[in-house]
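This is what each chain is made of:
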Amino acid sequence: CIRDRWVLLAALAVGAILSVILAGWFVRSLSLRLGRIESAADAISSGDLSARTGDASGDEIGDLARAFDTMAERLEEARSRDRSFLLSVGHDLRTPLTSIRGYAEALDDGLVPPERTDAVASALHRQTDVLSRLVEDVMLLARLESAEFTLRMEPADPGGVVRGIVESHVARAAVDDIDVTIHADVEGEIDMDPDRFSQIVSNLMDNAIRYTPAGGSIAVSIVTDEESTSLRVQNSGEPISSADLPHVFERLYVADRYRAQRPAGSGLGLAIVSDLVSAMGGSVTCRSNARDGTVFEVILDSRLVVPT
């Protein structure tokens, strides 16, 4: 009986020692793993977005580490996109600025003959328009991503807005023999921001004209029912590949094989369309094939139809 008691005490002592050892190992392991997460967090806060925890364990700490690494990857991707965006915008700003500077220096040095003054003034006007559009688009994108952006909702006729914008682009399209047609089947007014909707239509028309070859066509339609308003802008330009379609609404994304027929523009139009549509609670999609060309479709909620 005494012997059994000593065996039990010995077993308890060994168990206690093993428990202490295991607890110490667990605490040390947990401390090291949490320390790696803390070190990665410190590195990221210091600007090193490449820092990762490297913890692939299947427990709760591993789940936390993987979530942290995923966040870090997205931050790094976002910084890379922002850097590329700034570089692209800087390049686009440099082009009109170089032209403006060249013309200004020629005028200042008296190198422009009187008979060329009107042509130089016209060129300066075009370049300042390009510069102004780019700056306005960048500022609008910045407002869309901040709390400064607001919508002014009011009853408005979407068909009238579309007809007005399309008609303002007809003369520009006619220069390149692009046929523009419009179909508007609108039952009344909807609650919307007419100025922002005008921007959406205008940017989609600008994009269609840029990528439609001479002799091509653009078809615009808008249909309103009790549930939604559907705006479609279809052009007969070169179809976009399935690999590039997911990127068409990204800032300044233009694949080399889809260089614009008429390159004038900020390259931010479709990104602005996507952000504006999202702000208005709608959706925008793009599909493209050899038969139908490229079709952009905007769907907006229009349950509040006001009869005209």
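Whatever comes next refers back to the structure up there.
In short, a report on the structure. (Residues numbered from 1 in each chain as written. Predicted model: local features only at pLDDT ≥ 70, side-chain atom pairs only at ≥ 80, totals over all residues. Heavy atoms only, no water.)

### Topic: the overall build of the protein
Argument step 1. Helices and strands together make up the secondary structure of the protein, namely six helices and eight strands.
Argument step 2. In the protein, the succession of helices and strands from N to C terminus is α-α-α-β-α-β-β-α-β-β-α-β-β-β.
Argument step 3. Taking all 308 residues of the protein together, the buried fraction comes to 34%.
Argument step 4. Within the protein, contacts between residues separated by at least 24 positions form 70% of all contacts whose residues are at least 6 apart in sequence.
Argument step 5. Summing over all exposed atoms, the protein offers an accessible surface of approximately 18,300 Å²; the carbon and sulfur share of this is 56%. (Helix = DSSP H or I, 4+ residues; strand = E, 2+ residues; numbered from the N terminus. Buried < 20%, exposed > 50% of the residue type's maximum accessible area, 1.4 Å probe, protein only. Contact = heavy atoms within 4.5 Å. Areas by Shrake-Rupley, 256 points an atom, 1.4 Å probe, with all protein chains shown as cover.)

### Here we look at the environment of Ala 104
Argument step 1. Within the fold, Ala 104 resides in helix H2 (residues 60-108).
Argument step 2. Sequence separation between Ala 104 and Ala 121 is 17 residues; the distance between their C-alpha atoms is 9.9 Å.

### A closer look at the side chain of Ser 288
Argument step 1. Following the sequence through the fold, Ser 288 ends up in strand E6 (residues 283-289).
Argument step 2. A relative accessible area of 15% means that Ser 288 is categorised as buried.
Argument step 3. Polar contacts involving the side chain of Ser 288 include one to the main-chain amide nitrogen of Ile 240, which spans 2.7 Å.
Argument step 4. Here the side chain of Ser 288 touches Gly 293 through a polar contact of 3.4 Å, landing on its backbone oxygen.
Argument step 5. Each residue touching Ser 288, except ones within four places of it in the same chain, is listed here: Pro 239, Ile 240, Leu 245, Gly 293 and Thr 294. (Polar contact = N/O pair within 3.5 Å; in protein donor to acceptor, adjacent residues only side chain to side chain.)

### Here's the deal with the packing of helix H4 (residues 158-175) against helix H5 (residues 194-211)
Argument step 1. Taken N-terminus to C-terminus, the directions of H4 and H5 make an angle of 30°; their axes are 9 Å apart at the nearest point. Handedness of the H4/H5 crossing: right-handed. On H5, the residues that touch Pro 158, Val 161, Val 162, Ile 165, Val 166, His 169, Arg 172 and Ala 173 of H4 are Pro 194, Phe 197, Ser 198, Val 201, Ser 202, Met 205, Asp 206, Ile 209 and Arg 210.
Argument step 2. Per-class residue counts for the contact of H4 with H5 are eleven nonpolar, three polar and three charged. (Axes fitted to C-alpha atoms, helices over the stretch in contact; angles between N-to-C directions. Left-handed = near helix turned anticlockwise from the far one by under 90°. Nonpolar A, V, L, I, M, F, W, Y, C, P; charged D, E, K, R; others polar.)

### Things to note about the packing of aromatic side chains
Argument step 1. Considering all chains together, one arrives at one aromatic pair under this definition.
Argument step 2. Centre to centre, the rings of Phe 249 and Phe 296 are 5.9 Å apart; their planes meet at 80°, and the pair counts as edge-to-face. Placement of Phe 249 in the loop between strand E5 (228-235) and helix H6 (269-279) and of Phe 296 in strand E7 (residues 293-301) is noted, with a sequence separation of 47 residues between them. Comparing Phe 249 with Phe 296 shows no difference in burial state: the two are buried. (Phe/Tyr/Trp six-rings, centres within 6.5 Å; stacked < 30°, edge-to-face > 60°.)

### What to know about the sheet that holds strand E4 (residues 217-224)
Argument step 1. Taking strand neighbours across the sheet as the criterion, the five strands line up as E2-E4-E5-E7-E6 in an open arrangement whose pairing is mixed. Each edge of the open sheet is held by one strand with a lone partner, namely strand E2 (179-185) and E6. Taken pair by pair, the neighbouring strands of this sheet meet at an average axis angle of 10°, ignoring direction.
Argument step 2. H5 contacts E2, E4, E5 and E7 of the sheet and is inclined by roughly 20° relative to E5.
Argument step 3. Running at roughly 140° to E6, H6 makes contact with E6 and E7 of the sheet. (Pairing = 2+ DSSP bridges.)

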